[in-house]
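# Structural description and commentary
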Amino acid sequence: MDLITVRTFQNFISAHIALTKLRSEGIECYLKDENLNTLLPNVFGGIKLMVKNDDVSKVIGLLNQFDEDYRSNAVCPKCGSHNIELVPKPNAKSMISAILSWLFLANLVPSENIYRCSNCGYESNTLPETVNANTDFSSTESNN
Ligand SMILES: [Zn+2]
């Protein structure tokens, strides 16, 4: 069976969300280098989402659709960017609890995570829901 890498993720939460969604669509898929990248992100080039050769074009379509759904709900309140990512809090203790939650499959999205704008670095505990692109930056210093 030929497996192709269709996408690379920098954090296991995003990878698992994609994996779960694809499997719910009946796609056979796997994560590669998951453990290495959970411990040492950026060293191993990310977590690779692998699917069967025959499913590649279908999976890419589905992933794009997931992205679209996700982004349509998330807008950075600071810069208006749609590049919002769910990432583990950059803090060793939180990271460990996130890994433990993941290992025991208690919750794929543990509470020790933040949403971060990859454009300006804005961080929030909740997914920003504002869709107002004309946010007045100076009046919204909150969530820190
Ligand atoms: Zn931003």
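These numbers come from a predicted model, not from an experiment.

It is worth spelling out helix α1 (residues 12–24) at this point. Its 13 residues place the ends of α1 18 Å apart at the C-alpha level, agreeing with the 18 Å of an ideal helix rising 1.5 Å per residue. Where α1 terminates, the next one or two residues include Gly26, which has phi positive at roughly 85°.

Within the largest apolar cluster, 26 residues are counted, with the highest numbers of intra-cluster contacts made by Leu22, Leu49 and Leu63. Those elements giving two or more residues to this core turn out to be β1 (3–9), α1, β2 (29–32), β3 (47–52), α3 (56–73), β4 (84–88) and β5 (113–117). If one sorts the elements of this core by residue count, α1 sits on top with six residues. No fewer than three residues from each of domain 1 (1–73) and domain 2 (74–144) sit in this core. Leaving out residues up to four positions away in the same chain, Leu49 has contacts with Ile4, Thr5, Val6, Arg7, Phe9, Ala18, Leu19, Leu22, Cys29, Tyr30, Leu31 and Leu63.

Turning next to the pattern of salt bridges. Under the defined criterion, the tally for this structure stands at two salt bridges. With a closest N to O distance of 3.2 Å, Lys52 and Glu28 form a salt bridge. Of the two residues, Lys52 sits in strand β3 while Glu28 sits in the loop between α1 and β2, which places them 24 residues apart along the sequence. Ionic pairing is found between Asp33 and Lys48, a salt bridge with its closest N-O pair at 3.0 Å. Linking Asp33 in the loop between β2 and α2 (34–39) with Lys48 in strand β3, this pair joins segments that are 15 residues apart in sequence.

Looking at the element boundaries, Ser14 is found in helix α1. Ser14 gets classed as buried once you look at its relative accessible area, which sits at 18%. With near-sequence residues (within four places) excluded, Ser14 lies in contact with Phe9 and Leu86.

Relative to the helices and strands, Asn73 resides in helix α3. Here Asn73 falls in the partly exposed class, since its relative accessible area comes to 47%. As for Asn73 and Ile84, which are separated by 11 residues in sequence, their C-alpha atoms are 9.7 Å apart.

Moving on: the sheet that holds β1. Pairing is antiparallel across the open sheet formed by three strands, whose spatial order is β1-β3-β2. The open sheet is flanked by β1 and β2, the only strands paired with a single partner. Taken pair by pair, the neighbouring strands of this sheet meet at an average axis angle of 30°, ignoring direction. Note: β2 against β3, four bridges, orientation antiparallel. Note on β3: the bridge partner recorded for Cys29 is Val51. Contacts from α1 reach β1, β2 and β3 within the one sheet, and its direction differs from that of β2 by about 165°.

Turning next to the coordination of the zinc ion. The coordination sphere of the zinc ion contains the protein donors Cys76 (SG), Cys79 (SG), Cys117 (SG) and Cys120 (SG), at a distance range of 2.3 Å. If you look at the zinc ion, its four donor atoms make angles of 105 to 113° with each other, and the shape they trace is tetrahedral.

Let us now look at the environment of Arg7. As for its position among the elements, Arg7 is in strand β1. Along the primary structure Arg7 and Gly46 are separated by 39 residues, whereas in three dimensions their C-alpha atoms are 9.2 Å apart. Residues within four places of Arg7 in sequence aside, it is in contact with Ile47, Lys48, Leu49, Leu63, Asn64 and Asp67.

Definitions and cut-offs
Positions within a chain are numbered from 1, following the residues in the order the chain's sequence is written. In keeping with the predicted nature of the model, local features appear solely for residues at pLDDT of at least 70, side-chain atom pairs appear and are counted solely at 80 or more, and the whole-chain, interface and lining totals rest on all residues. For the side-chain quantities, the full set of heavy atoms in the structure was used; hydrogens and water were omitted. Secondary structure elements are defined from DSSP: runs of H or I of at least 4 residues count as helices, runs of E of at least 2 residues count as strands, and each element is numbered from the N terminus. Take the residue count of a helix, subtract one, and multiply by 1.5 Å to get its expected span. Here, the term nonpolar core denotes a set of buried Ala, Val, Leu, Ile, Met, Phe, Trp, Tyr and Cys residues that are joined through side-chain atoms within 4.5 Å. Only protein chains enter the accessibility calculation, which uses a 1.4 Å probe; a residue whose area is less than 20% of its type maximum is buried, one above 50% is exposed, and one in between is partly exposed. For the purposes of this description, domain bounds are those given by an automatic or database domain assignment. The contact definition used throughout considers only heavy atoms, calling two residues in contact when any of these lie within 4.5 Å. By definition, a salt bridge exists where a carboxyl oxygen of Asp or Glu is found within 4 Å of a side-chain nitrogen of Lys or Arg. For two strands to pair, DSSP has to find at least two bridges joining them. Here an axis means a line fitted to C-alpha atoms, over the contact stretch when the element is a helix, while the angle between two N-to-C directions is reported on a 0 to 180 degree scale. Donor selection uses N, O and S atoms within 2.8 Å of the metal (3.2 Å for Na, K and Ca). Since no water is included, sites may look incomplete. Think of it this way: with four donors and all angles in the 85 to 135 degree range, the site is tetrahedral; with four or six donors, opposite ones beyond 155 degrees and the rest between 65 and 115, it is square planar or octahedral; otherwise it is irregular.

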